[in-house]
Amino acid sequence: MSNKSDLELALIQTTLAWHDPAANREHFQALLEQARGADLVILPEMFSTGFSMESAALAESEDGPTSSWLREQAQRIDAVICGSLIIQAADGSYRNRLLWARPDGTLAHYDKRHLFRMAGEHKHYSAGDVQVVLELKGWRVRPLICYDLRFPVWSRDAGGTDLLLYTANWPGARRQHWNRLLPARAIENLCYVAAVNRVGEDGKGHGYTGDSQVLDFQGEALLTAGDGDGVFRARLSSEALAAYRERFPAHLDADVFTMN
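- The chain has the name Omega-amidase YafV in an unreviewed UniProt entry, where Pseudomonas berkeleyensis is given as its organism.
- Its UniProt record, at the heading Sequence similarities (unreviewed entry), says of the chain: "Belongs to the carbon-nitrogen hydrolase superfamily. NIT1/NIT2 family."
- Quoted verbatim from the Catalytic activity (unreviewed entry) heading of the UniProt record, the comment on the chain is "a monoamide of a dicarboxylate + H2O = a dicarboxylate + NH4(+)".

### Thoughts on the confidence of the model for the chain
So, point 1. Counting all residues, the mean pLDDT for the chain is 96, and 98% of those residues have values of 70 or more.
So, point 2. Per-element confidence in the chain is highest for strand 2 (residues 40-42), whose mean pLDDT is 99, and lowest for helix 5 (residues 152-155), whose mean pLDDT is 94.

### Observations regarding unusual backbone geometry
So, point 1. Despite not being glycine, Asp 78 has its phi angle at roughly 55 degrees, a positive value.
So, point 2. Counting through the fold element by element, Asp 78 comes out in the loop between helix 3 (65-77) and strand 4 (80-88).
So, point 3. Positioned with a positive phi, Cys 146 is a non-glycine residue whose angle comes to about 45 degrees.
So, point 4. With respect to the helices and strands, Cys 146 occurs in the loop between strand 8 (139-145) and helix 5.
So, point 5. A relative accessible area of 8% places Cys 146 in the buried class.

### Details of the sheet that holds strand 14 (residues 221-224)
So, point 1. The strand order 7-8-9-10-13-14 describes an open sheet built from six strands, whose pairing is mixed. Of all strands in the sheet, those with a lone pairing partner are strand 7 (134-136) and strand 14, marking the two edges. The mean angle between the axes of side-by-side strands here comes to 20 degrees, regardless of whether they run parallel or antiparallel.
So, point 2. Judged from the three bridges that link them, strand 7 and strand 8 form a sheet pairing that is antiparallel.

### Some words on the nonpolar core
So, point 1. Leu 9, Leu 40, Trp 100 and Leu 163 are the most contacted members of the largest nonpolar core, which has 48 residues in total.
So, point 2. For this core, the leading source of residues is strand 10 (residues 192-196), giving five residues.
So, point 3. In terms of nonpolar packing, the next biggest core, distinct from the first, is built from 21 residues, Leu 32, Phe 47, Ala 74 and Ala 79 among them.

What counts, and at which threshold
Residues numbered from 1 in each chain as written. Predicted model: local features only at pLDDT ≥ 70, side-chain atom pairs only at ≥ 80, totals over all residues. Heavy atoms only, no water. UniProt positions renumbered as here; feature names shortened; annotations may be inferred. pLDDT = per-residue confidence, 0-100. Helix = DSSP H or I, 4+ residues; strand = E, 2+ residues; numbered from the N terminus. Buried < 20%, exposed > 50% of the residue type's maximum accessible area, 1.4 Å probe, protein only. Pairing = 2+ DSSP bridges. Axes fitted to C-alpha atoms, helices over the stretch in contact; angles between N-to-C directions. Core = buried A, V, L, I, M, F, W, Y, C linked by side-chain atoms within 4.5 Å.

As structure tokens, this is what we get:
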């Protein structure tokens, strides 16, 4: 059985102010107060601007105001906080980058691998090429971003990921895909899945229906946020995960492959 403690999640599903980082930081600061007590707080994709292709105009530096704000908030509520924003990396490239801010003031990050070409994201951002596994209270957490969900090879891990985490701006027009792919990722990887989407309408007129959720290793919902606006909580059981993997060790028969 597992010797890890349970993991308390807080998912923040809400509207986003279009191209207004200061307004979004103020909005999320109040919501983060409601998330106190969680070990991990998850914000949507591009939470400071909305899903925008104006990377050159909106990008912040790696130590910019939103990165600093995330570190401050993580220290304030004593939790890891993560979500993606538009970053200009040290090499000058623009990245859709998930930041993982720890209470001790340190940051880790994951750069979105699959860029949404139907919106031209691949023309305005550079893709990441590294799978990132982050440790929290003994849990192995692997962050991914929105369109990554459609690519099971990139989500696949036979090495013991405990929680797959997706942060997104997933439009309501493809709501059915979101709700079907998330359970598949949980089932095939024998792990928990937490997925955070936004609600409301963005500056391009696209509507978002939320459906943030937490699923167990059998694809069963532990939490569904529907189209609600606010903070939603779920607790993950390490014992239940370990017991299921022992009872149904399908990961031992997984195909071995490498990625370029």
